[in-house]
Amino acid sequence: MKVECEMAEGAAMSEGREDQVGDSDLLGRAVAAPDGRPLPRVFAIANQKGGVGKTTTTVNLGAALADLGHRVLVIDLDPQGNATTGLGIEARNFDSSIYDVLLHDVPLEDCIEPTAIKNLFVAPATIDLAGAEIELVPAFSRELRLRRAVEAIQDDFAYVLIDCPPSLGLITVNGLAAASEVLVPIQCEYYALEGLGQLLRNVELVRSNLNPPLVVTTIVLTMYDARTKLADQVVQEVRRHFGPAVCRTVIPRSVRISEAPSFGEPVTAHDPSSRGAIAYRELAKEVADATA
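Novice: Explain the sheet that holds strand 6 (residues 181–187) here, please?
Specialist: Within a beta sheet, neighbouring strands are joined by backbone hydrogen bonds and run either parallel or antiparallel to one another. With mixed pairing, eight strands are arranged side by side in an open sheet as 3-4-2-5-1-6-7-8. Two strands bound the open sheet, and with one partner strand each, they are strand 3 (113–114) and strand 8 (246–252). Bridge count for strand 7 (residues 215–224) against strand 8 is three bridges, and the pairing is parallel. Residue pairing in the sheet places Leu221 in a bridge with Val250 of strand 8. Sheet contacts for helix 9 (residues 196–209): strand 6 and strand 7; angle to strand 6, the most-contacted strand, approximately 175°. Sheet contacts for helix 13 (residues 275–289): strand 1 (41–45), strand 5 (159–163), strand 7 and strand 8; angle to strand 8, the most-contacted strand, approximately 165°.

Written out as structure tokens, the structure reads:
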């Protein structure tokens, strides 16, 4: 299987230029409206561009879905472990992590940790995951290790949210292969669509080679600043490209959202009445409403 190599080559080819999202055939294959999706729903939260709010959206959407009464599992696939610490879980407090699931065949249920939020659980990441990219290369069935682990537990949860790293290597391939849906956060700033064409091509590669059900169902606009005309232009451009896959709810740029991770909690717990918390609760309702 050469999916990860093709992804890396495609990323290198697109480096240094603004990627275009103009292939209607590709959009038709890779993007679909989320209407009527059955539970459990497994999302890979992905965008090869860093700093767009992947982890923030994973943590806060997960918390807001849990507040609605759904059992939610956040899987932290990023070696930085920001989703783990953002949910108040310290690395020294557990024996197994997602690294052990990927490399040592530890059952996923053995590394799941409860959070302070009722119904919200996390499969934590540690810095060990940084070496997993290389260690997975010779591994048997290396692209499907997370999928098998998720299949064993997914009936215990209504939603599984996989926080993918911004790189396009084997860890991200595992996240995309384990999911049935892709959620893409897009920041309302200049170059918002940069790299998205490559992301869609990567989704299509994984879909055609590893995971036929995979499709982008959910586009979330983040870091919206109502004071700028640019933000509105980005919103219009993204809606023009992706149509009904774009959520109605737009996540605002917010100090409360930014500071919540330093307290080890989602913004819905840190400041429940803030604009950011309200927005993520509305997003959760929108996601839940698209469930059959």
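Novice: How should I be thinking about the pairing of strand 2 (residues 72–76) in this particular structure?
Specialist: Two faces belong to every sheet, and in a regular strand the side chains alternate between them. With five of its five residues buried, strand 2 lies for the most part within the structure. Alternating residues of strand 2 divide into Val72, Val74 and Asp76 and Leu73 and Ile75, and every residue in both groups is buried. Here five bridges tie strand 2 to strand 5, and the two strands are oriented parallel to one another. In the strand pairing of strand 5, Val74 is matched with Leu161.

Novice: Would you take a moment to explain the pairing of strand 4 (residues 120–123) for this structure?
Specialist: Taking every second residue as pointing to the same face, both faces of strand 4 are buried, with Leu120 and Val122 on one and Phe121 and Ala123 on the other. Here strand 2 runs beside strand 4; their pairing, made up of four bridges, is parallel. Each bridged residue has a counterpart across the sheet, and for Val74 the counterpart in strand 4 is Val122. Sheet analysis places strand 3 next to strand 4, joined by two bridges and oriented antiparallel. Pairing of Pro114 across the sheet is with Phe121, part of strand 4. Joining the antiparallel neighbours strand 3 and strand 4 is a turn of five residues, in which Asn119 adopts a positive phi near 80°.

The rules behind each value
- Residues numbered from 1 in each chain as written.
- Predicted model: local features only at pLDDT ≥ 70, side-chain atom pairs only at ≥ 80, totals over all residues.
- Heavy atoms only, no water.
- Pairing = 2+ DSSP bridges.
- Helix = DSSP H or I, 4+ residues; strand = E, 2+ residues; numbered from the N terminus.
- Contact = heavy atoms within 4.5 Å.
- Axes fitted to C-alpha atoms, helices over the stretch in contact; angles between N-to-C directions.
- Buried < 20%, exposed > 50% of the residue type's maximum accessible area, 1.4 Å probe, protein only.

Note that every value here comes from positions in space, so none of it alone points to a role or purpose.
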